[in-house]
Amino acid sequence: MRRIISYTRVSTQKQGRSGLGLEAQRAANAQFASREGFAIAAEFTEVETGKGADALDRRSQLAAALADARRRKCPIVVAKLDRLSRDVAFISGLMARKVPFIVAELGTDVDPFMLHIYAALAEKERRNISIRTKQALAAAKARGVRLGNPKQAMANKREADSYAKALRSILIELRHMPVEKIADELTRRKVQTPRGGRWHGRTAARLLDRLHLR
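What counts as what
- All residue numbers refer to position in the chain's written sequence, counted from 1.
- Where totals are concerned, whole chains, interfaces and linings use all residues; where local detail is concerned, this predicted model gives features only for residues with pLDDT of at least 70, and gives and counts side-chain atom pairs only at 80 or more.
- Water and hydrogen atoms play no part in the side-chain values, which are based on all heavy atoms of the structure.
- Working definition: helices are DSSP H or I runs of at least four residues, strands are E runs of at least two. Numbering for both runs from the N terminus.
- Exposure is judged per residue with a 1.4 Å probe applied to protein chains only, and the accessible area is read against the type maximum: over 50% gives exposed, under 20% gives buried, and values in between give partly exposed.
- By definition here, a salt bridge exists when the distance from a side-chain nitrogen of Lys or Arg to a carboxyl oxygen of Asp or Glu is within 4 Å.
- To obtain each axis, a line is fitted to C-alpha atoms, and for helices this fit is confined to the stretch in contact; angles are then taken between N-to-C directions over 0 to 180 degrees.
- To sort the angles, those under 35 degrees are grouped as roughly parallel, those over 145 as roughly antiparallel, those from 65 to 115 as roughly perpendicular, and the leftovers as oblique.
- Contacts: residue pairs with any heavy atoms within 4.5 Å of one another.
- Each residue gets one label: Ala, Val, Leu, Ile, Met, Phe, Trp, Tyr, Cys and Pro are nonpolar, Asp, Glu, Lys and Arg are charged, and the others, such as Gly, are polar.
- The criterion for strand pairing is that DSSP finds at least two bridges linking the strands in question.

Chemist: How should unusual backbone geometry be read in this particular structure?
Modeler: Phi is mostly negative for residues that are not glycine, and the peptide bonds are mostly trans. With a phi close to 60°, Lys73 is a non-glycine residue in the positive phi region. Examined against the element boundaries, Lys73 turns out to sit in the loop between helix H4 (60-72) and strand S3 (76-78). For Lys73, a relative accessible area of 75% corresponds to the exposed category. Even without being glycine, Lys190 reaches a positive phi, approximately 60°. One can find Lys190 in the loop between helix H9 (179-188) and helix H10 (201-210).

Now the structure itself:
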């Protein structure tokens, strides 16, 4: 049978812990593989946002899937295009790596050019959603509605504080280094980031600030 790599992604740790979305994506990829005569050779799962110019740097599992697909000379399947990204430039960058992607909900006959069109439509819809959300929040604020969830915000702060305290001794040791070097050292020591992704200087800087170490 032809081989294929399965890639699934959710944006938040909460979604990752609950499995919301991941099981549906796995099922969609498995059904596609069975229907089209593929055998899933490997599966990569990511909990990371798709936003940002450095999205690929933060998505270690996607990078691993690309490397594995290149080694096996086989395509990668995703349940929906937005599991890769809603960003046209990001999709174009992936395609430039010469690893074919198949979107299960679109099927195998979709021309790569059409994936750019679908990504452009998804990117436009993302912008429209952002605009509508900002307008709705502004209107609610003007009516005197108190925005946000104080309990959730407090819970998030406690979780972040607890994580920072767990790394306090390491950060005290490294605090005199540039933040990019701290990030490299934390990566070398295999310390997990709060989101389970890759360390960056700004991530290390936020932890130092939270602990008042700089």
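Chemist: I tried to follow the pattern of salt bridges on my own but got confused; where do I start?
Modeler: Here the idea is simple: oppositely charged side chains can pair when their charged atoms come close. Per the stated rule, a full pass over the model turns up 12 salt bridges. A salt bridge links Arg26 to Glu23; the shortest N-O distance between them is 2.6 Å. Placement of both Arg26 and Glu23 in helix H2 (residues 22-36) is noted, with a separation of 3 residues, approximately one turn of the helix. Under the relative-accessibility criterion, Arg26 is labelled partly exposed at 25%. Taking relative accessible area as the criterion, Glu23 reaches 53% and is therefore assigned exposed. Among the ionic pairs, Asp68 bridges to Arg72, the shortest N-O distance being 3.1 Å. Note that Asp68 and Arg72 are positioned in helix H4 at a spacing of 4 residues, about one turn of the helix. Beyond isolated ion pairs, a larger network of salt bridges with shared partners links Glu173, Glu185, Arg188 and Arg189.

Chemist: Help me understand the packing of H9 against H10 in this model?
Modeler: How two helices sit against one another is set out by the angle between their axes and by the gap between those axes. Where H9 contacts H10, the two axes come as close as 7 Å, and the packing angle between them is 100°. In terms of axis orientation, H9 runs roughly perpendicular to H10. Mapping the contact onto sequence places Val179, Glu180, Ile182 and Ala183 in H9 and Gly201, Ala204, Ala205 and Leu208 in H10. Across the contact of H9 with H10, the residue classes break down as 6 nonpolar, 1 polar and 1 charged.

Chemist: Is there a simple way to explain the pairing of strand S1 (residues 2-10) in this structure?
Modeler: Regular strands place side chains that alternate from one sheet face to the opposite one. Counted residue by residue, S1 has 7 buried out of 9 residues, so it is predominantly covered. Note that S1 and strand S2 (residues 38-47) share 9 bridges and pair parallel. Each residue of the ladder has a partner; that of Tyr7, found in S2, is Phe44. Inspection of the sheet shows S1 paired to S3 by 2 bridges, in the parallel sense. In the sheet register, Ser6 faces S3, and the bridge partner there is Val77.

What is shown is where atoms sit, not what they do.
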